[in-house]
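# Reading the structure
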Amino acid sequence: MSKEWPLWEIFIRGQHGMSHRHVGSLHAPDEEMAIKNARDVYTRRNEGVSIWVVEAKHIAASSPEEKGPLYEPSNSKVYRHPTFFDIPDEVGHM
Amino acid sequence: MYAQLVKTAGSGVKSREEMSENEQDFQDRVDSDQKIEPKDWMPDDYRATLIRQIGQHAHSEIVGQLPEGNWITRAPTLERKAILLAKVQDEAGHGLYLYCAAETLGVTRDELTEELLSGRMKYSSIFNYPTLNWADIGAVGWLVDGAAIMNQVPLQRTSYGPYSRAMIRICKEESFHQRQGYDIMMKMAQGTEAQKKMAQDALNRLWYPSLMMFGPSDKDSVHSAQSLAWKIKIDTNDELRQRFVDQTVPQAKYLGLTIPDENLKWNEERGAHDYSDPNWAEFFDVIKGNGPCNTDRMNTRIKAWEDGAWVREGLMAHADKKAARKQAMTAAE
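Bear in mind that the values here come from a model prediction, so they are computed numbers and not experimental data.

The subject of this paragraph is the overall build of chain B. When its secondary structure is counted, chain B shows 13 helices and two strands. A compact globule built from 333 residues would reach a C-alpha radius of gyration of about 20 Å, and chain B, at 22 Å, matches this within 12%. Taken along the three principal axes of its C-alpha coordinates, chain B extends 75 × 60 × 35 Å. In chain B, which comprises 333 residues, the proportion classed as buried is 52%. In chain B, the proportion of contacts linking residues at least 24 apart, taken out of those at least 6 apart, comes to 80%. For chain B, the exposed area adds up to about 15500 Å²; of that, 54% sits on carbon and sulfur atoms.

Encoded structure:
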């Protein structure tokens, strides 16, 4: 009876204080092996100093059809961007 | 190209009127260089073709470890051995990135492996040629990885997000592969008379198989218009092959080696080299399974899969047992 190893999503934090970033996925029987495999598959060139692994089935994702209702509200709020406001040059750097 | 002769699903490029509304939206997104992501709507034929293409690409990375693995224990120095080991390990990694990209399209890893082992899915014809001496390892890195890069660089812009991201990662790593190959070739070509002969012999044997990597000539390349429209193919086979020849000629010249083609010459008018086509009958024959190493490569992969079964099953059983124990302990608390 063969059963495929579950899929894990791999997140790696690089050297310079950045957040963990999704780099890809891999198969492993458990979280311990997932971290070991992630080390071999995704950090062969010193890409990171910390690895997170999450079994793919535990990730909930927004669906493309919701794109409108989810992101539309931010389109109408251009004043959230600093460039919305005209500040006179003589005020100096702001 | 690592994926040659990928049959594009469907009946060819549809006109705007023939497309459904979904298909029109999809094509608009592709045309405006937006990436298609796993959960997005996509035509069934796009999905099917991509599974074939990415699967074949992944299989090529995995089977591609075999000709080079052949020389790990016989590398001439410890440094060369360590470098070759790192390169072959990279190829395994590239295979894994690509399998994961294919899996986002709804096919499982085991299904892909079984398709390869049953011969229903192919890998690049180049890996059905043997690596007979150390110079072949140089020539493989220089020519085969060179040809692969030529194909993979444009594919970084492919329309399917996961495939594009895998390609970006692979291209970053691949340049080391070609350079280590050229480094071996330089050493051999500048070495003793016997070494130089080996280098020339490797080039003689691997030149045409490398040209075949880009797939059949455009005039015999069926269905490629649809793949181009979907942007899962960016350049035609002949465009890539031409680029490869033009890039390789000065590299061979620097080595003092002769490309085995009497018709190879600069064409001022075209601004490109004229060159001889490989023997296409041989190409189709190798694809069919009759190359020098097809049987050997498949037997090696089948043996690895079968011999590894107890490890895959054992680790899974162990993980299940550990999880059950943990659950029982939590329940008892």
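This brings us to the environment of Gln190 of chain B. Structurally, Gln190 of chain B can be placed in the loop between α7 (161-189) and α8 (193-212). Remark: the alpha-carbon pair of Gln190 of chain B and Leu255 of chain B, spanning 65 residues in sequence, is separated by 7.7 Å.

Attention shifts here to the interface of chain B and chain A. It is common to give the size of an interface as the accessible area lost on bringing the parts into contact. At the junction of the two partners, chain B supplies 25 residues and chain A supplies 26 residues. A per-residue breakdown of the area chain B buries against chain A is headed by Lys39, Arg169 and Met316 of chain B, which together make up 26% of the total. Along the contact surface separating chain B from chain A lie 15 residue pairs in polar contact (both at pLDDT 80 or more). Contributing elements (two or more residues each) for the side of chain B that touches chain A: α4 (78-103), α5 (109-117), α7 and α13 (309-332) of chain B. Top contributing element to the side of chain B that touches chain A by residue count: α13 of chain B, with nine residues.

Next up on the list: the state of the cysteines. In the structure shown here, the tally under the stated rule is zero disulfides over all chains. Free cysteine: Cys171 of chain B, not disulfide-bonded; nearest cysteine sulfur from Cys100 of chain B at 18 Å.

A few words now on the confidence of the model for chain A. A low pLDDT score tells you not to read the predicted coordinates there in detail. On average, residues of chain A carry a pLDDT of 90, and 98% of them reach 70 or more. Of all the helices and strands in chain A, helix α2 (residues 67-75) of chain A carries the lowest mean pLDDT, 81, while strand β3 (residues 50-55) of chain A carries the highest, 97.

To describe two helices that pack against each other, one gives the angle between their axes and the distance between the axes. All names here are of chain B. Interhelical geometry of α4 versus helix α6 (residues 134-155) gives an angle of 40 degrees and a closest axis separation of 13 Å. The pairing of α4 with α6 is recorded here as oblique in orientation. Along this stretch, α4 crosses α6, giving a crossing that reads as left-handed. Between α4, through Arg80, Leu84, Lys87 and Glu91, and α6, the contact on the second element is made entirely by Trp134, Ile137 and Asp145. Split by residue class, the contact of α4 with α6 holds three nonpolar, no polar and four charged.

What follows concerns helix α11 (residues 280-290) of chain B. Residue and element names in this part refer to chain B. When α11 is considered as a whole, its buried residues turn out to be Trp280, Phe283, Val286 and Ile287. All buried residues of α11 project into a common sector of 120 degrees when viewed along the axis, lining one side. Opposite the buried face of α11, at more than 90 degrees from it, the exposed residues are Ala281, Lys288 and Asn290. Measuring from the backbone nitrogen of Ala281 back to the side-chain oxygen at the start of α11 gives 3.0 Å, which picks out Asn279 as the cap.

All names here are of chain A. Spatially, β2-β1-β3 is the arrangement adopted by the three strands of the open sheet, whose pairing is antiparallel. On the outer flanks of this sheet lie β2 (21-27) and β3, each paired with one strand and no other. With direction set aside, neighbouring strand axes in the sheet form an average angle of 30 degrees.

Reading guide: rules and limits
Per chain, residues are indexed from 1 in the order of the written sequence. Labels follow written order: the first chain is A, the first ligand is 1, and so on. Under the rules for a predicted model, residues below a pLDDT of 70 receive no local features and side-chain atom pairs below 80 are neither given nor counted, while totals for whole chains, interfaces and linings still include all residues. To get the side-chain values, all heavy atoms of the structure are used, and hydrogens and water are removed first. The helix and strand labels rest on DSSP assignments: H or I over at least four residues marks a helix, E over at least two residues marks a strand, and numbering proceeds from the N terminus. In this setup the radius of gyration rests on C-alpha atoms only. A globule is expected at 2.2 Å times the number of residues raised to 0.38. Burial classes follow relative accessibility: with a 1.4 Å probe on protein chains only, a residue under 20% of its type's maximum area counts as buried, one over 50% as exposed, and anything between as partly exposed. It only takes one pair of heavy atoms within 4.5 Å for two residues to be counted as in contact. Accessible areas in this description were obtained via Shrake-Rupley with a 1.4 Å probe; residue shielding takes into account the shown protein chains only. Buried area counts how much accessible surface, traced with a 1.4 Å probe, disappears from two parts once they are put together, with both parts' losses summed. Two N or O atoms form a polar contact when they lie within 3.5 Å of each other; inside protein one atom must be a possible hydrogen donor and the other a possible acceptor, and for residues adjacent in sequence the pair counts only when both atoms belong to side chains. Cysteine sulfurs are considered disulfide-paired once they come within 2.5 Å of each other. The predictor attaches a confidence to each residue, called pLDDT, with possible values from 0 through 100. Every axis in this analysis is a line fitted to C-alpha atoms, fitted for helices over the stretch in contact. Angles between the N-to-C directions lie between 0 and 180 degrees. Angular relationships are summarised with four words: roughly parallel below 35 degrees, roughly antiparallel beyond 145, roughly perpendicular across 65 to 115, and oblique for the angles in between. Each crossing is labelled by how the near helix is turned from the far one, with a counterclockwise turn of less than a right angle marking it left-handed and a clockwise turn marking it right-handed. Three classes are used: nonpolar for Ala, Val, Leu, Ile, Met, Phe, Trp, Tyr, Cys and Pro, charged for Asp, Glu, Lys and Arg, and polar for all others, with Gly counted as polar. Directions from the helix axis toward the C-beta atoms define the arc. A pair of strands is treated as paired once DSSP finds two or more bridges between them.

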